[in-house]
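Each chain, letter by letter, is given below.
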2 protein chains.
Amino acid sequence: MNLKQLSEHLGLSQTTVSRALNGYPEVSDATRKKVLTAARLNNYSPNTRAKGLATGRAWAIGHIIPISTKHEMVNPIFGDFIAGAGESYAAAGFDMTLRLAEDDHIETLYREMAAKRNVDGILVQGPAMDDERVHILQDLGMPFAVHGRASSATTAYNWLDVNNSRAFERATNFLLDLGHQRIALINGLEHMDFAYRRRGGYETALSARGLAIDPQIMRAHEMTERYGYTSTRDMLSQPNAPTAFLVSSIIVAIGVRRAIEEAGLKMGQDISVITHDDDISYFRNGEEIPLFTATHSSVREAGRILAQILIDQITNPTAPPVHRLLEAQLMVGQSTGPAPGRT
Amino acid sequence: MNLKQLSEHLGLSQTTVSRALNGYPEVSDATRKKVLTAARLNNYSPNTRAKGLATGRAWAIGHIIPISTKHEMVNPIFGDFIAGAGESYAAAGFDMTLRLAEDDHIETLYREMAAKRNVDGILVQGPAMDDERVHILQDLGMPFAVHGRASSATTAYNWLDVNNSRAFERATNFLLDLGHQRIALINGLEHMDFAYRRRGGYETALSARGLAIDPQIMRAHEMTERYGYTSTRDMLSQPNAPTAFLVSSIIVAIGVRRAIEEAGLKMGQDISVITHDDDISYFRNGEEIPLFTATHSSVREAGRILAQILIDQITNPTAPPVHRLLEAQLMVGQSTGPAPGRT
DNA sequence: ACAAATAACCAAAGCGCTTTGGAGATTTTC
DNA sequence: GAAAATCTCCAAAGCGCTTTGGTTATTTGT
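Residues numbered from 1 in each chain as written. Chains lettered and ligands numbered in written order. Predicted model: local features only at pLDDT ≥ 70, side-chain atom pairs only at ≥ 80, totals over all residues. Heavy atoms only, no water.

Draft legend 1. Structural context of the protein's contact with DNA strand C. Close to DNA strand C lie 27 residues; Leu3, Ser18 and Arg19 of chain A together with Thr15 and Thr16 of chain B are nearest. When the atoms of DNA strand C within 4 Å of the protein are sorted by group, sugar and phosphate make up 59%. One of the side-chain nitrogen or oxygen atoms of Ser18 of chain A is found 2.6 Å away from a phosphate oxygen of DNA strand C. Asn22 of chain A places a polar side-chain atom, nitrogen or oxygen, 3.0 Å from a phosphate oxygen of DNA strand C. Of all elements in the fold, only helix 2 (14–21) and helix 4 (48–55) of chain A together with helix 2 (14–21) and helix 4 (48–55) of chain B reach the threshold of two or more residues within the surface near DNA strand C. Take the surface near DNA strand C: its biggest share by element is 5 residues, from helix 4 of chain A. In the surface near DNA strand C, the residues fall into 10 nonpolar, 13 polar and 4 charged. (Near = heavy atom within 4 Å. Polar contact = N/O pair within 3.5 Å; in protein donor to acceptor, adjacent residues only side chain to side chain. Helix = DSSP H or I, 4+ residues; strand = E, 2+ residues; numbered from the N terminus. Nonpolar A, V, L, I, M, F, W, Y, C, P; charged D, E, K, R; others polar.)

Below is the structure:
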């Protein structure tokens, strides 16, 4: 059933039917009611492509997932972030259009999407320090919003981020207060903006207490369980082994925990661990007494908010860019305790 | 730049330019070359909506993510599956359109998507035993493919599944051969088709050796780490505690392992564990010696293949439905060993 | 050398919607 | 009671593409 058929069926013009459905005032209440019920009965929904052609709006937001040939890794937070964003999209009637793209084709793809006009805006995830995507999108005049920040960008744009440096500074201080002096950092890849900022927070806290920054107990890598395991195992076997670990993801923290126990030590007693916790739905940390002491921030909530920011920008293109900095909660769990030999 | 502008720029008709770009033969090689370079130079890509309107094809595949209000859980395999499917879509020039939908709105949404014609087909994930989605889609005449099977469906449709019953039967036999007599099952929700089949395999293997099926050591629940932990902890404290665990997901297995170690036992010695392993990219089990003995099957590969099946179906609608049953590999890792007291 | 076939191009219709620019009919204003 | 304003509706253009049904040259067949 299309508009033409529906309007013939009703004995009205397409104009009137269209206006009735879209809530324009030039239609009597009686007619509108008739049109609406007829539409429902006949299961009519306007053809998206025709509507898009006519209005110049795609009613879709693009998410481009970078897929490097080197490490074909899917971000564990991807699903939850998408779920959050999807909630906002669904509420506003937008679809989410996903594309995979190899790292070096992203610019081409952005330009292509802009030319094809099949999305009204783009949501950028996982920005690197010197991320070029921000520049490209600004250049193309395509509305966009970033989950995280790209430090290299000079002009304003929409973003939402967790206060990563503050979170890791607080976590480090928490460990220092417990008497830990050798605190290891198991970070994400440090060309990523969030990881860079986290290291910053860690270093700030150490420096503030006059402690040296020791590259021997600092790692940066893609955040897998195995990475947590191997790097912790290695560091624990060093002569001057750390008594605490600051970890960038709960996935990695699971590996850290495995190495600790395999070494015959007890997490929360012999070794303390604080991890960042994105509140991944299949790995909740926070029920009852959390397993890990963590800097907690819901990535799903982030998706929800950021998607709304982007929708607002699309709806109202002249509004100034919006920034949103979320503070992570420091939640105490079972994985931290006083440094050994200090009761 | 649109077709009209491009054709004016070239001094050709829109017809000729369109045909040149789409590879029709009614165009001389010289003209075609001219058109193609001009298109590249001017960064021309046809407007998706206009093209779709004219061809009746959306060049997009729909994925509907059910989001129940009860348990707002995002499937951990979601990301990797999407990544696999996305590879096939990208290669064939299709976009992926995601929508979230609450359980009881799925039918409405399917009908709406069919009416709006903004997807050419739908990929169904996580079918339940009596999944209604298959019926609805068959009813709507919308091409679709299912990851898994819906046992209730009577007529043929496209699906790809892992041989779950065979996998769990083999895994159970493997444990039995090691001398284990008390084997616990930590399954997914058993109204889900895959979980039902896995239990079938487990029970078949036990029955074949004349062993009783004991509900005391069988659990079914949403597959979180916490679920693995609590159910294992409970079962280990039972009088006649199991010596082996058969687990439905590596996420759950991590929780199982936590409970085992917390009880002061050693996985692979005191207690054996076999888990199903979907080869999730951030939690690889298989490097060097796998942590867990596992029934292994790549969900990313599954996404890749199934997406291709759906594309084929869309391209060639009269072809008969395709079924594909993948066998899981039984990979031996560190988590299994002979039953205690049996060297 | 002439009809038939082929090559290379084009004008215009059509996909299903929104929106502009009216046109009657009814109500309000003075 | 005539002019103005307000309602309620409609015909037709336009969004950017594909495709049908030509037309005009150029080759081919005999």
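Let's pick the thread back up.
Draft legend 2. Broad picture of the packing of aromatic side chains. Going through the model one piece at a time under the given rule, you end up with 6 aromatic pairs over all chains. An angle of 10 degrees between the planes, with centres 6.1 Å apart, marks the rings of Phe78 of chain A and Phe78 of chain B as stacked. Of this pair, Phe78 of chain A sits in helix 5 (residues 78–92) while Phe78 of chain B sits in helix 5 (residues 78–92), on two different chains. Residue classification places Phe78 of chain A among the buried residues on the basis of a relative accessible area of 6%. We note Arg19 of chain A situated over the ring of Tyr24 of chain A; from NZ or CZ to the ring centre the distance is 5.9 Å. Its end group placed over the ring of Tyr229 of chain A, Arg258 of chain A keeps NZ or CZ at 3.9 Å from the ring centre. (Phe/Tyr/Trp six-rings, centres within 6.5 Å; stacked < 30°, edge-to-face > 60°. Buried < 20%, exposed > 50% of the residue type's maximum accessible area, 1.4 Å probe, protein only. Lys NZ or Arg CZ within 6 Å of the ring centre and 35° of its normal.)

Draft legend 3. How the structure looks around unusual backbone geometry. All names here are of chain A. One non-glycine residue with positive phi stands out, namely Asn43, at about 60 degrees. In this structure, Asn43 sits in the loop between helix 3 (29–41) and helix 4. Even without a glycine there, the phi angle at Asp279 is positive, about 65 degrees. Within the secondary structure, Asp279 sits in the loop between strand 9 (272–277) and strand 10 (293–296).

Draft legend 4. Examining the interface of chain A and chain B more closely. Chain A puts 54 residues into the contact, and the matching count from chain B is 54 residues. For the pair chain A and chain B, the two sides together bury roughly 5,100 Å², of which 55% comes from carbon and sulfur. Sorting the residues of chain A by area buried against chain B places Arg49, Arg226 and Tyr282 of chain A first, and these three jointly supply 16% of that buried surface. At the surface where chain A touches chain B, the tally comes to 4 salt bridges. Those elements that place two or more of their residues in the side of chain A that touches chain B are helix 4, helix 5, strand 2 (95–101), helix 6 (106–116), helix 10 (225–236) and helix 11 (250–262) of chain A. Per-element accounting of the side of chain A that touches chain B gives the leading share, 8 residues, to helix 5 of chain A. (Contact = heavy atoms within 4.5 Å. Buried area = accessible area lost by both parts, 1.4 Å probe. Salt bridge = Lys/Arg side-chain N within 4 Å of Asp/Glu carboxyl O.)

Draft legend 5. Looking closely at the packing of helix 2 of chain B against helix 3 (residues 29–41) of chain B. All names here are of chain B. One way to put it is that helix 2 packs onto helix 3 with a least axis distance of 9 Å and a crossing angle of 85 degrees. Relative to helix 3, the element helix 2 is oriented roughly perpendicular. Residue-level inspection shows Thr16, Val17, Arg19, Ala20 and Leu21 of helix 2 in contact with helix 3, the latter providing Thr31, Arg32, Val35, Leu36 and Ala39. (Axes fitted to C-alpha atoms, helices over the stretch in contact; angles between N-to-C directions. Parallel < 35°, antiparallel > 145°, perpendicular 65-115°, else oblique.)

Draft legend 6. Seen up close, the packing of helix 8 (residues 164–177) of chain A against helix 9 (residues 193–208) of chain A. Residues and elements named next belong to chain A. Two numbers describe how helix 8 lies on helix 9: the axes approach to 7 Å, and their chain directions differ by 35 degrees. Once helix 8 is placed against helix 9, the crossing between them reads as right-handed. The residues of helix 9 that touch helix 8, namely those facing Asn164, Ser165, Phe168, Glu169, Thr172, Asn173 and Leu176, are Phe194, Arg197, Arg198, Gly201, Tyr202, Thr204, Ala205 and Leu206. Its residues assigned to classes, the contact of helix 8 with helix 9 comprises 6 nonpolar, 6 polar and 3 charged. (Left-handed = near helix turned anticlockwise from the far one by under 90°.)

Draft legend 7. Representation of the protein's contact with DNA strand D in the model. What surrounds DNA strand D is a group of 28 residues, the closest being Ser13 and Thr15 of chain A together with Leu3, Ser18 and Arg19 of chain B. The contact atoms of DNA strand D, taken as those within 4 Å of the protein, divide so that sugar and phosphate hold 58%. With respect to DNA strand D, the side chain of Thr16 of chain A contributes an N or O atom lying 2.8 Å from a phosphate oxygen. Residue Arg19 of chain A places a side-chain N or O atom 3.2 Å away from a base nitrogen belonging to DNA strand D. Among the elements of the structure, helix 2 and helix 4 of chain A together with helix 2 and helix 4 of chain B are those that each provide at least two residues to the surface near DNA strand D. In terms of residue class, the surface near DNA strand D is built from 11 nonpolar, 13 polar and 4 charged.

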